[in-house]
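# Descriptive analysis of the structure
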Amino acid sequence: MRGRESNYTVSTETYWQEHLRFRGIRFFISTSKKISSGISKPVGDNAFISFDNIFGNDGKFKNSIRMAKMIAKSDSNVLILGESGVGKDMFAQAIHNASERRNKPFIVVNCAAFPHDLITSELFGYEEGAFTGAKKSGNIGKFELANNGTIFLDEIGDMPLELQATLLRVIEQKSFMRIGSNVVTNVNVRIIAATNANLQQLIDQKKFRADLYYRLSTLRLNIPPLRERGNDIILLAEHFIHAVSRRTQKPNIMTLSDEAKALLCRLPLKGNVRELQNLIEGIVQLYPIDVIEPMHIKEYLGLSDDFSFDSSPTASNKTQAEAEEARIVSADDPPETPAASKEKISEANRQNLYNKTNTAKYLGISRKTLYRWLKNYGLLSK
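The present account deals with the structure reproduced in this document. (Residues numbered from 1 in each chain as written. Predicted model: local features only at pLDDT ≥ 70, side-chain atom pairs only at ≥ 80, totals over all residues. Heavy atoms only, no water.)

This brings us to the pattern of salt bridges. This structure, assessed with the given rule, holds 10 salt bridges. The salt bridge involving R178 is made with E144; its shortest N-O contact spans 3.1 Å. Taken together, the residues span a long stretch of sequence, with R178 in the loop between β6 (175-177) and β7 (184-186) and E144 in helix α5 (residues 142-145) at a distance of 34 residues. Under the relative-accessibility criterion, R178 is labelled buried at 10%. Here E144 falls in the buried class, since its relative accessible area comes to 5%. For the salt bridge of R215 with E172, the shortest nitrogen-to-oxygen distance reads 3.5 Å. In this pair, R215 is assigned in helix α8 (residues 210-216) and E172 in helix α6 (residues 161-173), connecting sequence segments 43 residues apart. (Salt bridge = Lys/Arg side-chain N within 4 Å of Asp/Glu carboxyl O. Helix = DSSP H or I, 4+ residues; strand = E, 2+ residues; numbered from the N terminus. Buried < 20%, exposed > 50% of the residue type's maximum accessible area, 1.4 Å probe, protein only.)

Right, here's the structure in full:
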């Protein structure tokens, strides 16, 4: 057309107008760009989360939100780092929805979900007959669908090493060729990548390209794990209780006892927000109760009644601290009359799941004093 070469897709459709007794063939001519644009509208309309849906009172988490809002104003590539379940996908959606690309496609690719031999065709598409089993009409890749929008590469640390070189070229050249094609496709895509892996360690192990890491991490966002967010655990737990109750149309809204709140704050929560959400959803749906107690949490998790979580940093630190306390409270120490009754100390110990540090704080005394009181009442073995 006007001295320029281009590729078009032509399709036909027969038709019959009975009242005119007229038979014919319709021709449809389109470009691959128009086709991908038409497909990407319904396929790419899946960014539902905004910053209004992300909340917390912890200082570090608030800083992550503040950084994410600043990142949304830029158009550079983003690398989101954080443990599994902290909400990296939610931040990716919120960044997209607060950016200039908000009305364009948001395409999600889980790099760990596709077999290694298929991820290339999923990302960049293929032409008819490109390989055995290929669709007759070929296939549009995720990058093409995300044109002018955002592509979210989740679990980027699991991307095959051989594909990383291809992705690097696409980032640098902003173009690629479908498998089996000799036509270059130009794209304008913002990349948001996320991983729970230690990419620096993978680079040292030659499992991740350093040059790709620096291309992806123009802007970096770190999301803290839930166990480091303090009372955000209770804030989120109560939010999930209300959300699940509304969704399942439960007549009553459960509450958390103080003991249940204390237990939740001591759970390891290695799955972070996702694990907490699953825990609350299970309890709300399975137990016909008004107040969630520690026994319900332990029963749901399959823990014994006498199981306790220690909030000290490491087991070795705990052992050293308790050994030191045992040395201080030796058998030669004179007896001491505690200011609190045996029942009060025993109840405080039970409410704090026999965690000595938290029990001492609860009673407003030092660990050393607590050990002396426990020894006096014969409770030190608890």
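Next comes the rest of the description.
Among the secondary structure elements, N147 is positioned in the loop between α5 and β5 (150-154). By relative accessible area, N147 is classed as buried at 18%. Ignoring any residue separated from it by four or fewer positions in sequence, one finds N147 in contact with P105, N186, V187, N188 and V189. (Contact = heavy atoms within 4.5 Å.)

Counting buried positions over the 6 residues of strand β8 (residues 190-195) gives 6, a clear majority of the element. Burial along β8 is two-sided: R190, I192 and A194 and I191, A193 and T195, pointing in opposite directions, are all buried. Across 4 bridges, the pairing between strand β3 (residues 78-81) and β8 is parallel. Across the sheet, residue L81 finds its bridge partner in β8, namely T195. In the sheet, β5 pairs with β8 via 4 bridges, with the strands oriented parallel. When the bridges of β8 are listed, F152 appears paired with I192. (Pairing = 2+ DSSP bridges.)

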